[in-house]
Amino acid sequence: MREKADTDLVRRQNRLLLLEALRQHGPLARVEMGRHSGLSPASITSISSQLIADGILQEVPDGQQHAAPMRRGRPITQLDINPRAAHVVAVKISIDGIEMALADGRGGILARGTSRISTYGAEPQAFGARVAEEIAALLARARVPAKRVARIGFAVQGVADSKAGTVVWSPAFRTRNIPVSAAVQDRLGIACSIGNDANMIAEGLIGSDRARYGGTAAVVFMGYGVGMGLILNGQVYHGPTGAAAEFGHMNHRPGGPMCRCGRRGCVEAYVADYSLLRWASGAAETQAPSFNAIPEQEMLALEQAARAGDPRAKGAYAAAGEALGFGLARLIAILTPSRIVLAGPGTRAMELIAPHLRKALEEGVVDELRRNVEIETVPIGMDMIIKGTIDGALRHVDREIFAHGPFGRRARVAESIA
Ligand SMILES: [Zn+2]
């Protein structure tokens, strides 16, 4: 029995290695799969034929091969993940409503949808059912039956509990602990996972370039809120409940400006869009933060005012840079990540923030720790959250379903819900 269990484990690990190589590099010839996964040619042959028989991999037809190596003037057959092996749905929940995307097994987006569900005014107990309806409508439009969807990933602003499948706290909702996953699983029979939006950006970065982001790195989302996705040894760190790395709600100054979380002086209370506007307006720090989504034009106007030299607007970005810099200094002192990625619409004003951020970093942490960290800004694109949620869901499907066998047996869904 023990031997059988060991063989099964090796088989699952090897299948996963091949899938990871294909996710990272796209279509590969068998010889390249060996190079990327470290498996022997014999193992590659046997595992890839199992995966083809399971409908998870397919041969790339002649003429559609991507820069395939040649042998005797003929391209060597490449393999790729079969886009029809399973589908996933990504749902982004924000103050404005929900945004959805249906993707195939390779992460190609097949259909999108948005719905202006008023999250803030939503009846908490009915919210999950309402989202399930929207997802069902998206699947119907795309003519993909629910039983072909292996997983739904939710990305939410704020704190999510991945175990309970709830939104613990989010500026998008008036109340706490909003159940989401259970209602959707009940109605659609599809396994769900929920995480915060910054974690989903981190998933997307790993998916886009494992060599660059696969070590220890942090991504800071700056925009309607401030979030962090923490990558430890190539994996997004979720903590026991999925609420880890709440950088935005780390205290910058006790008794400082009011934050949306209800506490005072959080990093977010200096860096988020509502915080910048409050500072620039000269309003008291005790002024309750706005819970409305702030139109982009308002932020563009603030940036313009700061660039034109308006002292209050400049002061807002200076305070944001300082809060961000001291926060990152603490992170660096604890984790010495090799890379910190700043992302989100807030990075549009980076040149206003950067000098103050640099100064705070220099003050906040010794050179020896700081100089090994590369800080980079990635292009804004809010679609990063949707793409990262798709990547995260597919990695889960690889691990929990494809490593074991083909998707389609409902028992597997029950298993992955548990
Ligand atoms: Zn806070």
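Remember, predicted model here, so these are calculated numbers, not experimental data. (Residues numbered from 1 in each chain as written. Predicted model: local features only at pLDDT ≥ 70, side-chain atom pairs only at ≥ 80, totals over all residues. Heavy atoms only, no water.)

## A short note on the coordination of the zinc ion
Link 1 in the chain: Here the zinc ion is held by the protein donor atoms His-249 (ND1), Cys-259 (SG), Cys-261 (SG) and Cys-266 (SG), which lie 2.1 to 2.3 Å from it.
Link 2 in the chain: Geometry at the zinc ion is tetrahedral, judged from its four donor atoms and the angles of 102 to 125° they form at the metal.
Link 3 in the chain: When the donors of the zinc ion are listed by position in the chain, the intervening gaps give H-x9-C-x1-C-x4-C. With His-249 in the loop between strand S16 (235-236) and helix H8 (268-271) and Cys-261 in the loop between S16 and H8, this pair connects stretches of sequence that are twelve residues apart. (Donors = N, O, S within 2.8 Å, 3.2 Å for Na, K, Ca; no water. Tetrahedral: all angles 85-135°; square planar, octahedral: opposite > 155°, others 65-115°. Helix = DSSP H or I, 4+ residues; strand = E, 2+ residues; numbered from the N terminus.)

## Here we look at the packing of helix H6 (residues 197-208) against helix H14 (residues 383-402)
Link 1 in the chain: Running from amino to carboxyl end, H6 crosses H14 at an angle of 70°, the nearest separation of the two axes being 7 Å. In terms of axis orientation, H6 runs roughly perpendicular to H14. Along its contact with H6, which presents Asp-197, Met-200, Ile-201, Glu-203, Gly-204, Leu-205, Ile-206 and Gly-207, the element H14 presents Met-384, Ile-385, Gly-388, Thr-389, Asp-391, Gly-392 and Arg-395.
Link 2 in the chain: Of the residues in the contact of H6 with H14, the class split is six nonpolar, five polar and four charged. (Axes fitted to C-alpha atoms, helices over the stretch in contact; angles between N-to-C directions. Parallel < 35°, antiparallel > 145°, perpendicular 65-115°, else oblique. Contact = heavy atoms within 4.5 Å. Nonpolar A, V, L, I, M, F, W, Y, C, P; charged D, E, K, R; others polar.)

## A few points about the sheet that holds strand S8 (residues 109-115)
Link 1 in the chain: Reading across the sheet, the five strands line up as S8-S7-S6-S9-S13 and stay open at both edges, with mixed pairing between neighbours. Edge positions in the open sheet fall to S8 and strand S13 (192-196), since each of these has one partner strand only. For this sheet the average axis-to-axis angle between neighbouring strands, irrespective of direction, equals 15°.
Link 2 in the chain: Direction of pairing for strand S7 (residues 97-103) relative to S8: antiparallel, over a ladder of six bridges. Its bridge partner lying in S8, Ile-98 is registered against Ser-115.
Link 3 in the chain: Along the sheet, helix H4 (residues 124-142) contacts strand S6 (87-94), S7, S8 and strand S9 (149-156); its crossing angle with S7, the most-contacted strand, is approximately 40°. (Pairing = 2+ DSSP bridges.)

## Overview of the domain arrangement of the chain
Link 1 in the chain: Parsing the chain into structural domains produces domain 1 (2-81), domain 2 (87-201 + 383-417) and domain 3 (208-377).
Link 2 in the chain: Relative to domain 2, the C-alpha centre of domain 1 lies at a distance of 29 Å.
Link 3 in the chain: Facing the twelve residues of domain 1 at the interface are ten residues of domain 2.
Link 4 in the chain: For the pair domain 1 and domain 2, the two sides together bury roughly 1000 Å², of which 55% comes from carbon and sulfur.
Link 5 in the chain: Counting every contact that joins domain 1 to domain 2 gives two salt bridges.
Link 6 in the chain: The salt bridge partner of Asp-80 is Arg-106, with a shortest N-O separation of 3.1 Å.
Link 7 in the chain: Counting the contacts that link domain 1 with domain 2 gives seven residue pairs in polar contact (both at pLDDT 80 or more). (Domains from an automatic or database assignment. Buried area = accessible area lost by both parts, 1.4 Å probe. Salt bridge = Lys/Arg side-chain N within 4 Å of Asp/Glu carboxyl O. Polar contact = N/O pair within 3.5 Å; in protein donor to acceptor, adjacent residues only side chain to side chain.)

## Things to note about unusual backbone geometry
Link 1 in the chain: One non-glycine residue with positive phi stands out, namely Asn-233, at about 50°.
Link 2 in the chain: Following the sequence through the fold, Asn-233 ends up in the loop between strand S15 (226-232) and S16.
Link 3 in the chain: Exposure remark for Asn-233: the relative accessible area of 68% places this residue in the exposed category.
Link 4 in the chain: The backbone of Thr-336 shows a phi angle near 35°, a positive value even though the residue is not glycine. (Buried < 20%, exposed > 50% of the residue type's maximum accessible area, 1.4 Å probe, protein only.)

## Side note on the nonpolar core
The tendency in soluble globular proteins is for nonpolar side chains to be buried side by side.
Link 1 in the chain: Counting 46 residues, the largest nonpolar core has Val-220, Met-228, Val-271, Tyr-317, Leu-324 and Leu-328 as the members making the most contacts within it.
Link 2 in the chain: Among the elements of the structure, strand S14 (217-222), S15, H8, helix H9 (273-281), helix H10 (296-307), helix H11 (311-335), strand S17 (339-343) and helix H12 (350-364) are those that each provide at least two residues to this core.
Link 3 in the chain: Broken down by element, this core gets its largest block of residues, eleven residues, from H11.
Link 4 in the chain: Discounting residues that sit within four places of it in the chain, Val-220 has contacts with Val-226, Gly-227, Met-228, Phe-247, Leu-324, Leu-328, Ile-340, Val-341, Leu-342 and Ala-343.
Link 5 in the chain: Core analysis: the second largest hydrophobic core is formed by 31 residues, Val-131, Leu-139, Ile-152 and Ile-178 among them. (Core = buried A, V, L, I, M, F, W, Y, C linked by side-chain atoms within 4.5 Å.)

## Quick notes on the packing of aromatic side chains
Aromatic ring pairs: the centre-centre distance and the angle between the two ring planes describe each pair.
Link 1 in the chain: Summed over all chains, the structure comprises three aromatic pairs.
Link 2 in the chain: Taking 6.3 Å as the distance between ring centres and 50° as the angle between the ring planes, the aromatic pair formed by Tyr-270 and Trp-279 counts as tilted.
Link 3 in the chain: What makes Tyr-270 buried here is its relative accessible area of 5%. (Phe/Tyr/Trp six-rings, centres within 6.5 Å; stacked < 30°, edge-to-face > 60°.)

## Some details on H9
Link 1 in the chain: Looking at H9, one finds that the buried residues are Asp-273, Tyr-274, Ser-275, Leu-276, Arg-278 and Ala-280.
Link 2 in the chain: Next to the buried residues of H9 lie H8, H10 and H11.

## Structural notes on the environment of Ile-52
Link 1 in the chain: One can find Ile-52 in helix H3 (residues 41-53).
Link 2 in the chain: Taking the C-alpha atoms as reference points, Ile-52 and Arg-395, 343 residues apart in sequence, are found 18 Å from one another.
Link 3 in the chain: Leave out the neighbours within four places in its chain, and Ile-52 touches Arg-30, Leu-57, Glu-59 and Leu-79.

## What about the pattern of salt bridges?
Link 1 in the chain: Evaluation of the coordinates by the stated rule reveals 20 salt bridges.
Link 2 in the chain: The salt bridge partner of Arg-348 is Glu-303, with a shortest N-O separation of 2.9 Å. In this pair, Arg-348 is assigned in the loop between S17 and H12 and Glu-303 in helix H10, connecting sequence segments 45 residues apart.
Link 3 in the chain: Judged by relative accessible area, which is 4%, Glu-303 ranks as buried.
Link 4 in the chain: A single salt-bridge network, built from bridges that share partners, covers Glu-296, Glu-303, Arg-307, Arg-348 and Glu-351.

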